[in-house]
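# Reading the structure
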Amino acid sequence: MNFCKVLLPMSVFDQFRGLFSSDMAIDLGTANTLVYVKGKGIVLSEPSVVAYHVKDGVKKVLAVGEDAKLMLGRTPGSIEAIRPMREGVIADFDTAEEMIKHFIRKVHKRSTFSKPKIIVCVPHGATPVEKRAIRQSVLSAGARRAGLIAEPIAAAIGAGMPITDPTGNMVVDIGGGTTEVAVLSLGDIVYARSVRVGGDRMDEAIISYLRRQQNLLIGETTAERVKTSIGTARMPDDGRGTSMQIRGRDLLNGVPKEIEVTQAQIAEALAEPVQQICEAVMTALETTPPDLAADIVDRGVMLTGGGALLGDLDLALREQTGLAISVADEPLNCVALGTGKALEYEKQLRHAIDYDS
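For every chain, the first residue of its written sequence is number 1, and the numbers climb from 1 along that sequence. Under the rules for a predicted model, residues below a pLDDT of 70 receive no local features and side-chain atom pairs below 80 are neither given nor counted, while totals for whole chains, interfaces and linings still include all residues. Working from all heavy atoms in the structure, the side-chain values ignore hydrogens and water.

For the protein, the name recorded in an unreviewed UniProt entry is Cell shape-determining protein MreB, with Sulfitobacter pontiacus as its organism. UniProt positions are given in the numbering used here, feature names are shortened, and annotations may be inferred rather than shown by experiment. In its Sequence similarities (unreviewed entry) section, UniProt records this for the protein: "Belongs to the FtsA/MreB family." UniProt's Subcellular location (unreviewed entry) comment on the protein is quoted here verbatim: "Cytoplasm".

Right, here's the structure in full:
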């Protein structure tokens, strides 16, 4: 009887504290950061960009997220707009910490009473040092505990795949900095490979193609607009496809000019990154145990991440692999939703969440 008396106040206090702390899941992406709050779903989705003002060697944060993205490539000398995440991991520690702090503050208003518990997803290929950097950033930004979950597991959960079943599931998560190819079974990774090809590499491919072929220099923002508007992974049937007008600087005489680019040109520009993604998928299939490979033939491959929105990418992969390729319902939100579900169903998925390293 006394034992119950001792236990009761503690559980009541825990529940009381839980009311005030809104635990979060963060998809800390190279291109976008998404925040999922327990019980509310995804509450924030903003670009992973920070703009700061440098005066006498001291940095002062000016804008974060959407506002900072508008400044990319358009800043005067005293202002710098940077992306603290590169290829899925932290490239600039202090700026990343400021960015995480800003997003947590934006979502977690009642910071006075308690600190939230936060789960962050990391690329499968991240080194222990890179993982520690992410964990430290989150803890310094005001988390009570910081857990890490592998990106492929989060993507598969978010896409609604039955990863806890004893059958093979293959997920290809194409993010801004990396592409994660993984085969999952019984709630864990059987094989995973992280290749540093993603949306950013596609933008770079478009920039260098236009510089070589058209003598036109364009910025990252324009390249991204071209990719999302008319980007395609395979040649259009009519050999030309739709077209759009873009503006940049003419490299021959140095003046701004406007030209027309067609889908066929962009398909040619994106051929190399698309091929690298296809090769990563082929390598994963070659190293998969035969029984799981049989399941994958049966179930097909799931594409998630922003890169999955590239036109005809599923068809290009289908031509290479001969498998059924499907794109998730909300490819951009899959990883955040999966990380959020790991937070909601922490007991069932605790083997996938790493709280200490």
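Now that the structure has been shown, we can carry on.
Once that is clear, we can look at unusual backbone geometry. Phi is positive for Asn215, close to 55°, though the residue is something other than glycine. A helix here means a DSSP run of H or I that spans at least four residues, while a strand means a run of E at least two residues long, and both kinds are numbered starting from the N terminus. Position of Asn215 among the secondary structure elements: in the loop between α6 (199-214) and β14 (216-217). Residue Asn215 is classed as partly exposed on the basis of its relative accessible area, which comes to 29%. The phi angle at Asp312 is positive, at roughly 60°, despite the residue not being glycine. By secondary structure assignment, the location of Asp312 is in the loop between β17 (301-304) and α11 (313-321). Remark: exposure states derive from per-residue accessible area (1.4 Å probe, protein chains only) relative to the maximum for the residue type, with buried under 20%, exposed over 50%, and partly exposed in between. A relative accessible area of 30% means that Asp312 is categorised as partly exposed.

The next subject is the packing of α6 against helix α9 (residues 271-287). Axis definition: a line fitted to C-alpha atoms, limited for helices to the stretch in contact. Angles are taken between N-to-C directions and run from 0 to 180 degrees. Here α6 crosses α9 at 150°, and the two axes come no closer than 8 Å. Between α6 and α9, the interaxial angle falls into the category roughly antiparallel. Mapping the contact onto sequence places Arg201, Met202 and Ala205 in α6 and Pro273, Gln276 and Ile277 in α9. Broken down by class, the residue content of the contact of α6 with α9 amounts to four nonpolar, one polar and one charged. Roughly parallel means an angle under 35 degrees; roughly antiparallel means over 145; roughly perpendicular covers 65 to 115; every other angle is labelled oblique. Contacts between residues were defined by any pair of non-hydrogen atoms, one from each residue, lying within 4.5 Å. Residues are grouped as follows: Ala, Val, Leu, Ile, Met, Phe, Trp, Tyr, Cys and Pro are nonpolar; Asp, Glu, Lys and Arg are charged; every other residue, Gly included, is polar.

Counting through the fold element by element, Thr283 comes out in helix α9. With 125 residues separating them in the primary sequence, Thr283 and Gly158 have C-alpha atoms 24 Å apart. For Thr283, the residues in contact, after removing those within four places along its chain, are Tyr191 and Arg193. The term polar contact refers here to a pair of N or O atoms within 3.5 Å; inside protein, the definition further demands a hydrogen-donor-capable atom paired with an acceptor-capable atom, and it admits residues adjacent in sequence only when both atoms are side-chain atoms. Of note is the side chain of Thr283, whose polar atom sits 2.7 Å from the backbone oxygen of Glu279.

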